[in-house]
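# Fold and geometry: a report
The lines below spell out each chain.
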Amino acid sequence: MTRYELGIIDTRNVIKTLQDVYNYDFKNYALTFFKRRVELFIAKYNLKDADGFIRKVENDKDFFEIFLQDICVETTEMFRDPSLWRVLKEDIIPSLAREASHFKIWFPEVSTGEELYSMAIILKKLNLLSNAQFIASSISELNLEKIKTGFFDPKKIEVNDSNYSRIFTDDTLADYYTNENEKVCWDTSLIDNTKFLKQNIIFDDYPKGVKLILFRNQMIYYNQILQERFIKIMYNCLVPGGVLVIGNNEKIEYWNSEKDYTLIDKTERIYKKKLA
């Protein structure tokens, strides 16, 4: 079966419709990524072509919310890249706790919740869970509601358990979830201290006074304009000395970035906001 392909004019029409109807501006998403996601969505819901997508999304807000959920990049596993989580456990988080008795951690696109629950488990293990406030934001309300339930894909159990065992050896990840009748669910008390925010694409309403941000493997889906906007927003919401973690294939690089951030771990791509 031949896959439907969006032309450049159709892609622009889709972007214009989403902005005109819902004020969601996707024009600075990486074009190839956005185009591919819309093509897959059209095929998934048998919409035939761009016009079919536009007609459906114009007249059905619930369908638009499904699209927002679909375009978010799913986090694939708990404790992805265990070496990073070891650095967070052994160095970054203890340092934050020494500097302040309470601190904020922001997940700008929380996606499917694995990083949120991973962080909560590490803080619980360090007896610091009550010291932290999590801020979890997403463009998708459906994603946020799903994360609150704690349910996750049982097919991920094996890789999740394996990642956990590379960080902790005194217990197992199974201590933090239930598995009954082929339904697996995290202990949702782990995220009691979480503020959930429905966020627009350009992060107009971002939190302040944040000590740690995890924004991993997201910037590759944006063009340079949006990448730089987001990095500046992260800078503005971090306290001096606050820490930003991005994907290990990403980097902070703009004309005055060296004035704003210090790279403190090249391998794990961990940056610190400069004090002055």
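So, here's what we can say about the structure. (Residues numbered from 1 in each chain as written. Predicted model: local features only at pLDDT ≥ 70, side-chain atom pairs only at ≥ 80, totals over all residues. Heavy atoms only, no water.)

### Here we look at the side chain of S111
Position of S111 among the secondary structure elements: in the loop between strand 1 (103-107) and helix 6 (114-125). When its relative accessible area of 1% is taken as the criterion, S111 is described as buried. In this structure the side chain of S111 is engaged in a polar contact, spanning 2.5 Å, whose partner is the backbone oxygen of V73. If sequence neighbours within four positions are ignored, S111 has contacts with V73, E74, T75, N143 and I147. (Helix = DSSP H or I, 4+ residues; strand = E, 2+ residues; numbered from the N terminus. Buried < 20%, exposed > 50% of the residue type's maximum accessible area, 1.4 Å probe, protein only. Polar contact = N/O pair within 3.5 Å; in protein donor to acceptor, adjacent residues only side chain to side chain. Contact = heavy atoms within 4.5 Å.)

### Structural notes on helix 8 (residues 157-165)
Looking at helix 8, one finds that the buried residues are I157, N160, N163 and Y164. When helix 8 is viewed along its axis, its buried side chains cluster within an angular range of 135° and face the same direction. For helix 8, the elements touching its buried residues are helix 5 (82-99), helix 6, strand 3 (151-152), strand 4 (177-180) and strand 5 (183-186). (Arc of directions from axis to C-beta.)

### Side note on the packing of helix 5 against helix 6
What describes two packed helices is the angle between their axes and the distance between those same axes. At a minimum axis separation of 11 Å, helix 5 and helix 6 run at an interaxial angle of 50°. Classed by the angle they form, the pair helix 5 and helix 6 counts as oblique. Crossing angle aside, the handedness with which helix 5 passes helix 6 is right-handed. Judged by residue contacts, W85, L88, K89 and I93 of helix 5 engage E115, S118, M119, I122 and L123 from helix 6. Looking at the contact of helix 5 with helix 6, its residues break down into six nonpolar, one polar and two charged. (Axes fitted to C-alpha atoms, helices over the stretch in contact; angles between N-to-C directions. Parallel < 35°, antiparallel > 145°, perpendicular 65-115°, else oblique. Left-handed = near helix turned anticlockwise from the far one by under 90°. Nonpolar A, V, L, I, M, F, W, Y, C, P; charged D, E, K, R; others polar.)

### A short note on the pattern of salt bridges
By the definition in use, this model includes 20 salt bridges. Where E90 meets K89, a salt bridge forms, and the shortest distance between an N and an O atom there is 3.6 Å. Owing to a relative accessible area of 15%, K89 belongs among the buried residues under this scheme. A salt bridge links K251 to E253, with the shortest nitrogen-to-oxygen separation between them at 3.6 Å. (Salt bridge = Lys/Arg side-chain N within 4 Å of Asp/Glu carboxyl O.)

### What to know about the sheet that holds strand 9 (residues 261-265)
Overall, mixed pairing links the seven strands, which are arranged 6-2-1-7-8-10-9 in an open sheet. Where the open sheet ends on each side, the last strands, each with one partner, are strand 6 (194-198) and strand 9. Adjacent strand axes in the sheet meet at a mean angle of 20°, parallel and antiparallel pairs treated alike. With four bridges connecting them, strand 9 and strand 10 (residues 270-273) associate as antiparallel partners. Paired with Y261 across the two strands is K273, which belongs to strand 10. Across the sheet, helix 7 (residues 141-149) touches strand 2 (132-138) and strand 6, and the angle it forms with strand 6 is around 160°. Relative to strand 8 (residues 238-246), helix 9 (residues 224-237) is tilted by about 140°, and along the sheet it contacts strand 1, strand 7 (210-215), strand 8, strand 9 and strand 10. (Pairing = 2+ DSSP bridges.)

### Comments concerning helix 4 (residues 61-71)
Taken together, the buried positions of helix 4 are F63, F64, E65, F67, L68 and I71. Elements that come into contact with the buried residues of helix 4 comprise helix 1 (8-22), helix 2 (31-44), helix 3 (50-59), helix 7 and strand 6.

### Focus: the layout of surface pockets
Empty space among the atoms becomes visible once a probe the size of a water molecule is rolled across them. Considering only enclosed or pocket space, the largest pocket measures out at about 330 Å³ in volume. Those elements giving two or more residues to the lining of the largest pocket turn out to be helix 4, helix 6, helix 7 and strand 3. Ranked by residue count, the leading element in the lining of the largest pocket is helix 7, at three residues. Partitioning the lining of the largest pocket into residue classes produces eight nonpolar, seven polar and seven charged. By volume, the second largest pocket is sized at about 220 Å³. Lining the second largest pocket we find 17 residues, and of these T75, R80, R216, N217 and Q218 sit closest to its centre. Those elements giving two or more residues to the lining of the second largest pocket turn out to be helix 6 and strand 7. (1 Å grid on protein atoms, 1.4 Å probe; cavity = no way out; pocket = protein on both sides within 12 Å on 5 of 7 lines; lining within 4 Å. Points joined across faces, edges and corners; volume = space filled by probe spheres on them.)

Note that all results are geometric; they support no functional claim without further evidence.
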